[in-house]
Amino acid sequence: MKIDQQATNWQDKSMKEIIGHIHDNHHVTTKEILEELNFLAFKILKVHYKDHGEQLLKVHRLVGLMKTELEAHLVKEEEDLFPMIMTYEVSGDAELLEAIGKFIQGTEAEHKLISDLFEELKLVTNDFRPPAGACNAYRKTFNFMDVLDKDICRHFNLESNVLFTRLNQ
Ligand SMILES: [Fe+2]
Ligand SMILES: [Fe+2]
């Protein structure tokens, strides 16, 4: 899977280009990781319940919540918000900009909710550090959560502080 780590000068890019980048890198990657994580969180819960049930029940629950929230969030952006922004970039319509502003309040609330889930997950997993002697699947699960956490930080930052800021310039 593709992890976006390059530095880009976003000021030179159109909003359509920024949206294309967010979709092709972050949205696609997030969906891939979520599928794997969801599968793994259930798998390690079943295998290691006796020894690590307390931690793994929490991980399983948080991963499930995160998957539900993130999938809905991505679809709302792809189907509603991003098309509205791309239309606005062409038309400059003031009413549309107002509607986008209202929509973004919900988007930002979702960013906060999802970021809070990651914070909770970090607490539960000791900053994504698996217990000593953890098996491959256990370590892979924790690594995926760590990779997704970092990717989500870049992704949400790009939306909130680059794309949404551009609308008010
Ligand atoms: Fe997004
Ligand atoms: Fe977002």
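This text gives an overview of the structure that appears in the document. Values in this document were obtained by computation on a predicted structure and should not be read as measured data. The residue numbers shown here count from 1 along each chain, following its written sequence. The order in which chains are written sets their letters, starting at A; the order in which ligands are written sets their numbers, starting at 1. The predicted nature of this model means local features are confined to residues of pLDDT at least 70 and side-chain atom pairs, given and counted, to a pLDDT of 80 or more, with totals for whole chains, interfaces and linings taken over all residues.

**Describing the overall build of the chain**
Where we set the bar: Only runs of H or I of at least four residues qualify as helices and only runs of E of at least two qualify as strands under DSSP, and these elements are numbered from the N terminus. With C-beta atoms placed from the backbone, the exposure class of a residue follows from how many other C-beta atoms lie within 10 Å of its own: 20 or more, buried; 12 or fewer, exposed; in between, partly exposed. Our contact criterion uses C-beta atoms placed from the backbone: two residues qualify when those atoms are within 7 Å.
On a plain count of helices and strands, the chain comes out with three helices and zero strands. Order of helices (α) and strands (β) in the chain, N terminus to C terminus: α-α-α. Seen through its principal axes, the chain has C-alpha atoms that stretch 60 × 30 × 20 Å. In the chain, which comprises 169 residues, the proportion classed as buried is 23%. In the chain, 73% of the contacts between residues at least 6 apart in sequence involve partners at least 24 apart.

**Considerations on helix α1 (residues 15-91)**
For clarity, the cut-off: Expected helix span is computed as 1.5 Å times (number of residues minus one).
Compared with the 114 Å implied by 1.5 Å per residue over 77 residues, the 13 Å span of α1 between its first and last C-alpha is markedly short. Immediately beyond the C-terminal end of α1, within one or two residues, lies G92, with a positive phi of roughly 65 degrees.

**Concerning unusual backbone geometry**
At N126, a residue that is not glycine, the phi angle is positive and equals roughly 60 degrees. What makes N126 exposed here is the crowd of 11 C-beta atoms within 10 Å. At F128, a residue that is not glycine, the phi angle is positive and equals roughly 65 degrees.

**Concerning helix α3 (residues 136-167)**
Definition in use: Two axes enter the definition of the bend at a residue: one is fitted to the seven residues ending there, the other to the seven starting there, and the bend is the angle between them.
Here α3 spans 45 Å end to end across 32 residues, near enough to the 46 Å set by a 1.5 Å rise per residue. Of all the bends in α3, the greatest, near 30 degrees, is centred on E159.

**Focus on the nonpolar core**
The following threshold applies: Note on definitions: a nonpolar core is a set of buried residues drawn from Ala, Val, Leu, Ile, Met, Phe, Trp, Tyr and Cys, linked by C-beta atoms within 7 Å.
In terms of nonpolar packing, the biggest core is built from 21 residues, with L37, A41, I44, F144, M145 and L148 touching the most fellow members. Elements with a minimum of two residues in this core: α1 and α3. Here this core takes 12 residues from α1, the largest share from any one element. Apart from the residues within four sequence positions on either side, F144 is in contact with I33, E36, L37 and L40.

**Side note on the packing of α1 against α3**
For clarity, the threshold we go by: Geometry is summarised by axes, namely lines fitted to C-alpha atoms with helices restricted to the contacting stretch, and by angles between N-to-C directions that run from 0 to 180 degrees. The cut-offs work like this: below 35 degrees is roughly parallel, past 145 is roughly antiparallel, 65 to 115 is roughly perpendicular, and the gaps in between are oblique. Less than a right angle of anticlockwise turn of the near helix away from the far helix marks a crossing as left-handed, whereas a clockwise turn marks it as right-handed. Here the nonpolar group is Ala, Val, Leu, Ile, Met, Phe, Trp, Tyr, Cys and Pro; Asp, Glu, Lys and Arg are the charged ones; every other residue, Gly included, is treated as polar.
With their axes 9 Å apart at the nearest point, α1 and α3 run at an angle of 155 degrees to one another. As summarised for this structure, α1 and α3 are arranged roughly antiparallel, according to the angle between their axes. For α1 against α3, the interelement crossing comes out left-handed. Grouping the amino acids of the contact of α1 with α3 by side-chain chemistry returns 18 nonpolar, six polar and six charged.

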